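Spelled out, the chains give:
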Amino acid sequence: STIEYSFNYVGKFKDSREIGNTDVPLTEKSFVISIPGTIKYHVDLSKVKKKDIKVRDSKKLITINMPKMESDAIIDMDKLSYYDKTNNLFNAFQPEDSDAMEAKALSAAQKQAEERGIIKQGQTNAENIIKSLVNSLPGYADYDVKCNF
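### Looking at the overall build of the protein
Here is step 1 of the chain: Of the regular secondary structure elements, the protein holds two helices and nine strands.
Here is step 2 of the chain: Helices and strands in the protein line up, N terminus first, as β-β-β-β-β-β-β-β-α-α-β.
Here is step 3 of the chain: Rg of the C-alpha trace for the protein: 23 Å, well past the compact-globule value of 15 Å for 149 residues, more than 25% over.
Here is step 4 of the chain: Seen through its principal axes, the protein has C-alpha atoms that stretch 75 × 30 × 25 Å.
Here is step 5 of the chain: Sequence separation of 24 or more characterises 74% of the internal contacts of the protein that already satisfy a separation of 6 or more.

This is how it looks when you write it as structure tokens:
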């Protein structure tokens, strides 16, 4: 990966049985959940094709059209915590309730990472890594490398 973003999402889940648009008394369940995790951003270089690379020897410049940054999100299940959990006999807690909150956490974390420039920093890191690799090749030590994401 070229960069990692750690997050801790805290959210409240609330649900009750309904008849029409009216909540049925004594069927409410709720919890507050803390969901920690990490998103790892990377570039799949196997997606770079020959047509994506332009070498301009006269300018000592290599331009590479890069694929979009990809990400893998990992929730640290050992540190996932529930607070203020209320369960109900008529509307029991289901694993799907937690799954919905996990999906919400990942979506919020992806958005935060983008807003905080994490993806852009990952692109810069990838470009620096590629430039270092290219510059280590014989005859390319003084070439500049530009990556277009």
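On we go from here.
### Regarding helix H1 (residues 95–115)
Here is step 1 of the chain: Counted at 1.5 Å a residue, the expected span for H1 with its 21 residues is 30 Å, and the 31 Å between its end C-alpha atoms agrees.
Here is step 2 of the chain: Here H1 has its buried residues at Asp97, Ser98, Met101, Glu102, Ala105, Ala109 and Ala113. For H1, the arc enclosing every buried residue in end-on projection is 135°, short of the 170-degree limit, so these residues lie on one face. Facing away from the buried side of H1, by more than 90 degrees, are the exposed residues Glu96, Lys111, Glu114 and Glu115.
Here is step 3 of the chain: On the buried face of H1, the contacting elements are strand E1 (3–15), strand E4 (29–42), strand E7 (70–75), strand E8 (81–86) and helix H2 (118–135).

### Some remarks on the pattern of salt bridges
Here is step 1 of the chain: Inspection of the entire model under this criterion finds nine salt bridges.
Here is step 2 of the chain: The partner of Lys29 in a salt bridge is Asp97, and the shortest N-O contact between them spans 2.8 Å. Of this pair, Lys29 sits in strand E4 while Asp97 is found in helix H1, placing the two residues 68 residues apart along the sequence.
Here is step 3 of the chain: The buried category is assigned to Lys29, whose relative accessible area is 4%.
Here is step 4 of the chain: A relative accessible area of 9% places Asp97 in the buried class.
Here is step 5 of the chain: Residue Glu70 pairs with Lys47 through a salt bridge whose shortest N-O separation is 2.6 Å. With Glu70 in strand E7 and Lys47 in the loop between E4 and strand E5 (53–56), the pair connects residues that are 23 residues apart, well separated along the chain.
Here is step 6 of the chain: On the basis of relative accessible area, Lys47 is assigned to the partly exposed category, the value being 43%.
Here is step 7 of the chain: The network of salt bridges with shared partners includes Lys131, Asp144 and Lys146.

### Quick look at the pairing of strand E6 (residues 61–65)
Here is step 1 of the chain: Burial runs high along E6: four of the five residues are buried.
Here is step 2 of the chain: Where E5 lies against E6, four bridges are found, and the strand directions are antiparallel. Across the sheet, Val55 pairs through a bridge with Ile62, a residue of E6.
Here is step 3 of the chain: Hairpin connection, E5 to E6: the antiparallel pair is bridged by four residues, and Lys60 has positive phi, about 50°.
Here is step 4 of the chain: The pairing of E6 with strand E9 (residues 144–148) spans five bridges and is classified as parallel. In the sheet register, Ile64 faces E9, and the bridge partner there is Cys147.

Rules used in this analysis
- Residues numbered from 1 in each chain as written.
- Predicted model: local features only at pLDDT ≥ 70, side-chain atom pairs only at ≥ 80, totals over all residues.
- Heavy atoms only, no water.
- Helix = DSSP H or I, 4+ residues; strand = E, 2+ residues; numbered from the N terminus.
- Rg over C-alpha atoms; globule rule 2.2 N^0.38 Å.
- Contact = heavy atoms within 4.5 Å.
- Expected span 1.5 Å × (residues − 1).
- Buried < 20%, exposed > 50% of the residue type's maximum accessible area, 1.4 Å probe, protein only.
- Arc of directions from axis to C-beta.
- Salt bridge = Lys/Arg side-chain N within 4 Å of Asp/Glu carboxyl O.
- Pairing = 2+ DSSP bridges.

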